[in-house]
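# Summary of the model geometry
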Amino acid sequence: MFLKYINEPIIFQGRKKSRRYFEGWYFKQVSTDLKSTISIIPGVSKDINDSHAFIQTIINRNVQGNTRLTTHYHRFSIEDFKYTDEPFSLKIGKNIFKRDEIELELIDEEYSLSGKITFSNFTAIKTNPVFPNIMGYYAYLPIMECYHGIVSMSHGLEGTLLLNEEMLNFNEGKGYIEKDWGTSFPKEYVWVQSNNFNNSDASIMCSIANIPFLGTSFKGFICNLYCDGKEYRFASYNNSKLLNIDYNEELLEATMVKGNLKLELSARLSEGGMLKAPKDGNMNRTIKEGLNGVVNIKLIKNSSEILFYGTGNPCGIEIVKEE
């Protein structure tokens, strides 16, 4: 039973948690014309004073050449949070999230978002008994502040969403699914994700964070690149090294090596929207995420052979410094 949860991070992990706990799923959808990007974040916050379920949305629209980014936080009673493991299903109010589809009916005073999108052709990450998910062997440790899971690096979309009175078409678009759970997001971290590279099946997710561990802390990192049918992973747990990292509120540059492979990454955040994030299980922290950023990556073998070079646009980016 314990291994089932570690090997299948999409299922609800917090059934035995009653306080100081959060769990959130991240469903990202990009339309084939790249004009609509919507991330839907259903989740639950378990706090002694304010337990509740929620659905956050961050929506980026390109309308006649102008970018519009909006965020919303929909609050639900904790009793509205329902789930099943097999098959995976999450229901919050009238909104349903499954492994292969989402159905939305979000309505408040500001806006309405409804419709259905189905998923197909998932790009899963490589796992084994030592590295059962993207956390590597850290997935087995019960003392981590925040756990991370990747469900799909990239997959196909079919369906539409009605945003107020505007129909958004996601047919033949691209999706991505990940999730987090634990007590708090790291105090300081960067996160980059894109699976929209010209004429390529490439997808990248990179996270670098300050990780508290056994009374001290270390700079942990996970960078997973899928391209040309292969996966390249650079992580703290697989003998990779973070050669350098430099970032401010808008720009991130990092270089990682593993054996004879080197990955160079440069990402720029454009407009960002404010999202709620967990601290001690309570969704009372504010972070900024942009969906319309750009990331450039270069994968080099033996110092000179370029295995992959590409630009991901649009790109999701969070650059969070310690408060």
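Residues numbered from 1 in each chain as written. Predicted model: local features only at pLDDT ≥ 70, side-chain atom pairs only at ≥ 80, totals over all residues. Heavy atoms only, no water.

## What about the environment of aspartate 47?
Relative to the elements of secondary structure, aspartate 47 occurs in the loop between strand S2 (36-46) and strand S3 (52-63). Measuring from C-alpha to C-alpha, the distance between aspartate 47 and tyrosine 138 comes to 25 Å, with 91 residues separating the pair along the chain. Not counting the four nearest positions on each side in its chain, aspartate 47 is found in contact with Arg19, Arg20, Asp280 and Asn282. Only 3.0 Å separates the side chain of aspartate 47 from the backbone nitrogen of asparagine 49, close enough to count as a polar contact. One polar contact links aspartate 47 to asparagine 282, side chain to side chain, over a distance of 3.4 Å. (Helix = DSSP H or I, 4+ residues; strand = E, 2+ residues; numbered from the N terminus. Contact = heavy atoms within 4.5 Å. Polar contact = N/O pair within 3.5 Å; in protein donor to acceptor, adjacent residues only side chain to side chain.)

## Some points on the environment of lysine 262
Tracing the sequence through the fold places lysine 262 in strand S19 (residues 261-268). Relative accessible area serves as the criterion here: at 29%, lysine 262 is assigned to the partly exposed category. Measuring from C-alpha to C-alpha, the distance between lysine 262 and lysine 298 comes to 8.1 Å, with 36 residues separating the pair along the chain. If we skip the residues at most four places from it in the chain, lysine 262 touches Phe234, Thr255, Met256, Val257, Lys298, Leu299 and Ile300. Polar contacts involving the side chain of lysine 262 include one to the side chain of glutamate 264, which spans 3.4 Å. (Buried < 20%, exposed > 50% of the residue type's maximum accessible area, 1.4 Å probe, protein only.)

## Concerning unusual backbone geometry
With the exception of glycine, most residues fall at negative phi, and the peptide bonds are largely trans. Omega for the bond connecting glutamate 86 with proline 87 falls within 30 degrees of zero, at -5°, which places this linkage in the cis form. Tracing the sequence through the fold places proline 87 in the loop between strand S5 (81-84) and strand S6 (89-92). Here asparagine 313 and proline 314 are connected by a cis peptide whose omega angle stands at 10°. Summarising the element assignment, proline 314 is placed in strand S22 (residues 305-320). The backbone of arginine 20 shows a phi angle near 50°, a positive value even though the residue is not glycine. Along the chain, arginine 20 falls in the loop between helix H1 (2-7) and strand S1 (21-30). Unusually for a residue other than glycine, asparagine 164 sits at a positive phi of about 55°.

## Side note on the pattern of salt bridges
One pass over the full model with this rule turns up 13 salt bridges. The partner of aspartate 50 in a salt bridge is arginine 75, with the nearest N and O atoms 2.2 Å apart. Placement of the pair is aspartate 50 in the loop between S2 and S3 and arginine 75 in strand S4 (residues 66-76), with a sequence separation of 25 residues. A salt bridge links lysine 98 to glutamate 101, with the shortest nitrogen-to-oxygen separation between them at 4.0 Å. (Salt bridge = Lys/Arg side-chain N within 4 Å of Asp/Glu carboxyl O.)

## A few points about the pairing of strand S7 (residues 95-98)
The alternating pattern of S7 places Asn95 and Phe97 on a buried face, while none of Ile96 and Lys98, on the opposite face, is buried. Relative to S7, S6 is paired through four bridges, and the arrangement is antiparallel. Across the sheet, the residue bridging to leucine 90 is phenylalanine 97, located in S7. Hairpin remark: S6 followed by S7, antiparallel, with two residues in the connecting loop; positive phi at glycine 93, about 60°. Taken together, the two bridges between S7 and strand S8 (residues 101-107) define a ladder with antiparallel strand orientation. Bridging from a neighbouring strand, isoleucine 96 pairs with glutamate 103 of S8. (Pairing = 2+ DSSP bridges.)

## As for the packing of aromatic side chains
Enumeration over the complete set of coordinates arrives at 22 aromatic pairs. In this structure an aromatic cluster arises from ring pairing among Phe131, Tyr137, Tyr138, Phe213, Phe218 and Tyr237. The residue whose ring lies beneath lysine 276 is tyrosine 73, and the NZ or CZ to ring-centre distance is 5.4 Å. (Phe/Tyr/Trp six-rings, centres within 6.5 Å; stacked < 30°, edge-to-face > 60°. Lys NZ or Arg CZ within 6 Å of the ring centre and 35° of its normal.)

## Section: the side chain of glutamate 178
As for its placement among the helices and strands, glutamate 178 is situated in strand S12 (residues 174-182). No salt bridge is formed by the buried glutamate 178; the nearest opposite charge belongs to lysine 28, separated by 9.4 Å. Within polar-contact distance, the side chain of glutamate 178 engages the side chain of histidine 148 at 3.3 Å. A polar side-chain atom of glutamate 178 sits 3.3 Å from a polar atom in the side chain of tryptophan 191. When neighbours within four sequence positions are excluded, glutamate 178 is seen to be in contact with Trp25, Tyr26, His148, Gly149, Ile150, Val151, Trp191 and Met205. (Lys, Arg positive; Asp, Glu negative; His and termini not counted.)

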